[in-house]
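Breakdown of the fold
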Amino acid sequence: MIELISEILARVRSFLSENPHVIFPGSVRSYLAAASDIVSRIAIAGKEDPVSIIVRIGVQNLYNSVKVDDERMKREILEEAFLRALELKPKRSEAEEQNRKGRSSLLFPQGHVAEPYDEDYVSRVIQSHASSVGYASFTNLANIVNSFVDPFSNIRDKVRVLKSLEAQLARLGLLEVDDYSESLKHLRAKRFVRSLHPADDSIRISDFSYPQNYPTLIKSLRSYKPGDPTSRVDLFKSSMNITRKNLTGKPVSDADITVVEYSQTSSADIVLCLDVSGSMREVSGGSSKLTVAKRSLYRFVEYLYATGDRLGLVLFNFRADVLWGLHDTRKFREHMLYLASRIFAGGGTNIASSLKVSGETFRRSRSQSKQLVLITDGRTMNSREAIEEARKLRQQGVRVSTIGVGSDCDKSLLKEIAKIGGGVSVHINSMADLDRALRHTRLSLLGS
Amino acid sequence: MGLDALPRLTDLLRRQPIEVHKLVAEVVRRKNVANVLKELRKVLRGLDEVALDVLSGLLVGRHVMVVGPVGLGKTTLVETIAEIINLADPPYVEVACHSHMTASELTGDIDIAVALQSGLDHPLAYIPGPLVLAHGKFLVMDEINRLNPYSQAALLQALQEHYVFIRGFRVRTDFLLLATSNPSEYSGVYELSEALADRMKVVEITYPDREVLKAIIVWKTEQAVEHLGVSVPEPMADILATYAGLLSKDGNVEVGPSIRSMTYSLSSAIARAWLQGREPTVYDLKRETVSNLAGVIRGDFQSDSAKTEYLARKFDEAVVLHRRQQRF
């Protein structure tokens, strides 16, 4: 048994040395102590599982000796190394590695899904995602889909991949299906017009966008000229003028008919960063926060249909990933609704990586107005990097807005990000107000 | 304690090495792990696995550092383990570390006046420090993360070479170190030097589950109020356990509630009601809890009153959660 344990520890050391985050993989003394400690612990233990003993005692002994660049990740890095050494966590295959870097390879050229997937490969990849259950590094839907297809490929390919994987993912509990047609039926019955400024304080907005971009659609009011479309006539003002003329007995002329000119709202490119960490699984008012968020997302997709914007979605928990890149809402509405309805939640929160991934998404955009909306309900582990990323995005010309949900979120950080990003920082008390908040961020783009 | 009990310098210089971990192994073999755990459960509950991790380190001669938030039983745990193993009388030597500790406080020093008068071999000439006194026993260092680099160096020398230097005299010392520390998020003043940290294994104590926490609160409170002749109402302990769970996972709160403060809240609520000759209510509990925790909890709050309000609000949430769970 001592041989086996030494072998495992030697492997741990080699994995730690390979890991780029590890500065020092641990002293020889700590490995020797770990070996003897594991043996002694197994000797005095009752019925405990030896694998968990090895991992736990090994981490305890190596904790002080190993040096990493980010102290908060130390425990995860150590545990991962042990699990790999015990062959419980298969190394990600080469194809997956390349997909993550976004490079095209012979197997997965850009935007093309390699058809001959053998069942074995698919199930192995999915298993490796499923093995992250229970850890902070829990996977998300975007990670899973992007293991099989380029992250920025067409949304049709992504939908196709997800449809083929649905059965397996549902069996492993990695899928949370929400029927979007039901919730949309309710909303189509109502009209969309709502006031920007709600009477209650369930939404708190801090606007850091530039003052000249006050949301307004009307550019000018002028008198009628022959050739103006009749739909543009402002009936109210025209009727007031005509009535006044009639009452005072003066003749009615062309000048009494008022025409409204609207500013051309150019279509914007919007990327939503949605937090799918474990805190989103909490239940509030009958359904989980994530379900409420997904429904707000469906409504937002419908809303953008009216304005003709392009929408992209980035999911982030521990590792951020693009669920779908910027696509025209009008053409791909059904696809977007389908992908959004399959999102599940779990894991830790890492805001900086979501901003970075969104930055890459915006590189493919040539629109005049680009906006990123970050939706989160919690705190992140790397606030400094998040602010750096927000700055870089601003330099790219992207406006960064944030929506914070509930009282657990880091309000000051979100305000800071919105301030640096030149956008709006919205704070809402519950997920139910999310669609109001989203619409507000869209309207803040008008006139820009 | 007569003068004979104090060590003389000549005795100290003639010390033989002791292999403490072998002594520990003998005791454990004689007593049986199950009995050790049984004795532990008389003092602490829910820490069986942690105690076995500490014990396994001690058995192979590894020094142990127990890390965890305030008030979860770290010091009690290491003291109890040392008492159960009982290598000598007293079973351990305890040092409460602080940032102004000097090396000579740890190793010991020679009293020059006595030495000049009565020679170096007089029992009072030499004042032994904890590092020397702990020969063949456990050394318990509380809040080791508060040591300054000078005392860390003295400790390191003792751990590394098993010798301590006092004014040029080399004194042999063998002991097993049991240290407690708070996690690195709390300012520990100084960081442990790498060499010192390398010699210790880190055992973490985390917040217990709600069920375990409730059982611990009930048990400790019973111990506290048994002389009043009152029983502990379980729903209140449940509310407190839920409350502690909410606070320990809260992002706003840096230092969470300790078991000690929970126990005192409940027992003082019971005592207050007893003084007025009635049953304790949730309002009593709320008042006592908020006042007890206001000092313990640390976090990003604007003012003390903001903190108290926040704690009160969280208590109400905990009551609602408790009632909701009662229905299932």
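This report concerns the structure included in the present document. (Residues numbered from 1 in each chain as written. Chains lettered and ligands numbered in written order. Predicted model: local features only at pLDDT ≥ 70, side-chain atom pairs only at ≥ 80, totals over all residues. Heavy atoms only, no water.)

1. Some details on the nonpolar core
Counting 68 residues, the largest nonpolar core has Val24, Leu77, Phe138, Leu178, Tyr243 and Leu266 of chain B as the members making the most contacts within it. Once residues lying within four places of it in the same chain are set aside, the contact partners of Tyr243 of chain B are Met262, Thr289, Leu293, Leu311, Lys314, Phe315 and Ala318 of chain B. Of all hydrophobic cores here, the second largest spans 62 residues; its members include Phe148, Val424, Val426 and Met431 of chain A. (Core = buried A, V, L, I, M, F, W, Y, C linked by side-chain atoms within 4.5 Å. Buried < 20%, exposed > 50% of the residue type's maximum accessible area, 1.4 Å probe, protein only. Contact = heavy atoms within 4.5 Å.)

2. As for the interface of chain A and chain B
Taken together, the contact between chain A and chain B spans 22 residues of the former and 24 residues of the latter. Across the interface of chain A and chain B, roughly 1900 Å² is buried in total on both sides, 44% from carbon and sulfur atoms. On the chain A side of the interface with chain B, the three residues burying the most area are Ile44, Gln60 and Asn64 of chain A, jointly 32% of the side's total. In this assembly, chain A and chain B are joined by six salt bridges. A salt bridge links Arg41 of chain A to Asp53 of chain B; the nearest nitrogen and oxygen atoms lie 2.6 Å apart. At the junction of chain A and chain B, the tally comes to 16 residue pairs in polar contact (both at pLDDT 80 or more). (Buried area = accessible area lost by both parts, 1.4 Å probe. Salt bridge = Lys/Arg side-chain N within 4 Å of Asp/Glu carboxyl O. Polar contact = N/O pair within 3.5 Å; in protein donor to acceptor, adjacent residues only side chain to side chain.)

3. Some points on the sheet that holds strand E2 (residues 92-96) of chain B
All names here are of chain B. With parallel pairing, the five strands of this open sheet are ordered in space as E2-E5-E8-E1-E9. Looking along the sheet, the strands with just one partner apiece sit at the ends: E2 and strand E9 (200-204). Across the sheet, the axes of successive neighbouring strands diverge by a mean angle of 20°, strand direction being ignored. Two elements, E2 and strand E5 (residues 137-142), share five bridges in a ladder whose sense is parallel. Its bridge partner lying in E5, Val95 is registered against Met141. Relative to the sheet, helix H9 (residues 149-161) contacts strand E1 (63-67), E5 and strand E8 (175-181), its axis offset from that of E8 by approximately 140°. (Pairing = 2+ DSSP bridges. Helix = DSSP H or I, 4+ residues; strand = E, 2+ residues; numbered from the N terminus. Axes fitted to C-alpha atoms, helices over the stretch in contact; angles between N-to-C directions.)

4. Focus: the side chain of Thr242 of chain B
You can see Thr242 of chain B is positioned in helix H12 (residues 234-248). Setting aside chain neighbours within four positions, we find Thr242 of chain B in contact with Arg210, Ala318, Leu321 and His322 of chain B.

5. Describing the environment of Val66 of chain A
Residue and element names in this part refer to chain A. Residue position: Val66 is located in the loop between helix H3 (50-62) and strand E2 (67-68). Along the chain, Val66 and Ser27 lie 39 residues apart, while their C-alpha atoms are 7.5 Å from each other. Among all residues touching Val66, those that are not within four sequence positions of it are Leu16, Val22, Phe24, Pro25, Gly26, Lys74 and Leu78.

6. Section: the packing of aromatic side chains
One pass over the full model with this rule turns up three aromatic pairs over all chains. Aromatic pair Phe138 of chain A and Phe344 of chain A: ring centres 5.8 Å apart, planes at 65°, arrangement edge-to-face. Of this pair, Phe138 of chain A sits in the loop between helix H6 (119-130) and helix H7 (141-146) while Phe344 of chain A sits in the loop between helix H12 (329-341) and helix H13 (351-362); the two residues are 206 residues apart in sequence, bridging distant segments of the chain. Phe344 of chain A matches Phe138 of chain A in its accessibility class, with the two residues each being buried. Taken together, a centroid distance of 5.3 Å and an interplanar angle of 75° make the contact between Tyr243 of chain B and Phe315 of chain B edge-to-face. With Tyr243 of chain B in helix H12 and Phe315 of chain B in helix H15 (residues 304-326), this residue pair connects regions lying 72 residues apart in the sequence. Considered together, Tyr243 of chain B and Phe315 of chain B belong to a single accessibility category, that of buried residues. Sitting over the ring of Tyr338 of chain A, Lys163 of chain A keeps its end group 4.9 Å from the ring centre. We note Arg170 of chain B situated over the ring of Tyr163 of chain B; from NZ or CZ to the ring centre the distance is 3.8 Å. (Phe/Tyr/Trp six-rings, centres within 6.5 Å; stacked < 30°, edge-to-face > 60°. Lys NZ or Arg CZ within 6 Å of the ring centre and 35° of its normal.)

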